[in-house]
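Remarks on the overall topology
The residues making up each chain are set out below.
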Amino acid sequence: SSSNALGQTNNSYDFDTQRQFTSALDCRWQGKKRKWGLGLGGSFINNPFKYNPTDNINALRNVVGAYVSGGFMERVAIMGEWTYNRLDIKDSLSTRLDQRTLFAELDIRIYDGLDLKGQYELYDNLANELSNRRRYSFGVDMFPLTGFEVEAMVRLVSEPNGSEIKNDEFQTVFIFYF
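Quick summary incoming for the structure in this document. For clarity, every value in this text was computed on a predicted model and none was experimentally measured.

Side note on the overall build of the protein chain
- Along the backbone of the protein chain there are zero helices and 11 strands.
- Going from N to C terminus, the protein chain has its helices and strands arranged as β-β-β-β-β-β-β-β-β-β-β.
- Relative to its full complement of 178 residues, the protein chain shows a buried share of 23%.
- Within the protein chain, counting contacts between residues at least 6 apart in sequence, those at least 24 apart form 38% of the total.
- Accessible surface, the protein chain: about 12700 Å² in total, of which carbon and sulfur atoms supply 57%.

Side note on the sheet that holds strand 5 (residues 57-72)
- Strand order across the open sheet formed by nine strands is 3-4-5-6-7-8-9-10-11, with antiparallel pairing between neighbours. Two strands in the sheet have a free side with no partner beyond their single neighbour: strand 3 (21-30) and strand 11 (169-176). Direction aside, neighbouring strands of the sheet carry axes that sit 15° apart on average.
- The sheet contact formed by strand 9 (residues 133-145) and strand 10 (residues 148-158) spans 10 bridges and is antiparallel. If you follow Tyr136 over to strand 10, its bridge partner there is Leu156.

Examining the pattern of salt bridges
- Within this structure, the stated rule accounts for 12 salt bridges.
- Residues Arg109 and Asp112 are paired through a salt bridge, measuring 4.0 Å at the closest nitrogen-oxygen approach.
- Overall, Asp112 belongs to the exposed group, its relative accessible area being 67%.
- When the shortest N-O distance is used, the salt bridge between Arg155 and Glu169 registers 3.5 Å. Within this pair, whereas Arg155 is found in strand 10, its partner Glu169 is found in strand 11, the two being separated by 14 residues in sequence.
- Overall, the relative accessible area of 7% leaves Arg155 in the buried class.
- Sharing partners across several salt bridges, the network here consists of Glu105, Lys117, Asp141 and Glu151.

Describing the pairing of strand 5
- Direction of pairing for strand 4 (residues 36-52) relative to strand 5: antiparallel, over a ladder of 16 bridges. Counted as the bridge partner of Gly42 is Ala66 from strand 5.
- Linking strand 5 to strand 6 (residues 76-89), which pair antiparallel, is a turn of three residues; within it Met73 sits at a positive phi near 55°.

Overview of the packing of aromatic side chains
- Summed over the entire model, instances satisfying the criterion amount to four aromatic pairs.
- Residues Trp82 and Tyr84 carry aromatic rings whose centres are separated by 6.4 Å and whose planes lie at 15° to one another, so their mutual orientation is stacked.
- Here Trp82 falls in the partly exposed class, since its relative accessible area comes to 33%.
- Look at Tyr120 and Tyr136: their rings are 5.4 Å apart centre to centre, the planes differ by 50°, and that puts the pair in the tilted class. On the criterion of sequence distance, the pair formed by Tyr120 in strand 8 (residues 114-125) and Tyr136 in strand 9 is long-range, its members being 16 residues apart.
- You can call Tyr120 partly exposed: its relative accessible area is 26%.
- In textbook terms, an aromatic cluster arises when at least three aromatic residues are bridged by ring pairs, as seen for Phe148, Phe174 and Phe176.

The rules we used
- Residues numbered from 1 in each chain as written.
- Predicted model: local features only at pLDDT ≥ 70, side-chain atom pairs only at ≥ 80, totals over all residues.
- Heavy atoms only, no water.
- Helix = DSSP H or I, 4+ residues; strand = E, 2+ residues; numbered from the N terminus.
- Buried < 20%, exposed > 50% of the residue type's maximum accessible area, 1.4 Å probe, protein only.
- Contact = heavy atoms within 4.5 Å.
- Areas by Shrake-Rupley, 256 points an atom, 1.4 Å probe, with all protein chains shown as cover.
- Pairing = 2+ DSSP bridges.
- Axes fitted to C-alpha atoms, helices over the stretch in contact; angles between N-to-C directions.
- Salt bridge = Lys/Arg side-chain N within 4 Å of Asp/Glu carboxyl O.
- Phe/Tyr/Trp six-rings, centres within 6.5 Å; stacked < 30°, edge-to-face > 60°.

If you want it as structure tokens, here you go:
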């Protein structure tokens, strides 16, 4: 909270005084004549916060991530990312929630203006393997005009624990570059 010159209190949305720390580092290399490229990087977040301000329960979220990317012959791009997310709640049970996320993507340029794409995602709840969710995506990325992109993807979702729920989807995104 903050007070103005008249002593009136203003309760802001951020009701605690704890501070988040965020850091990231990445490096990129490129071969002669642009035949290949490589990228490596990582990030870290430390975020203490009030989980339940009414009962004065604090929590701490730590997230660490790493990624790699590669490009070959200006036609093929590969990207991968791994993230580990931990939430510690300082309640009477000392609750801890851990989650891991994996992402991989392969892009192949067929010709200028048309790319084929494939993606894999894993959302892994480390406390319960039966709740893991996977998503496989396939599609195209088109650039029909300068400054305009159309991405069309089919996403096939593998629900946890043999669920009968069908969450497959078709997604089209229109992007304008200015």
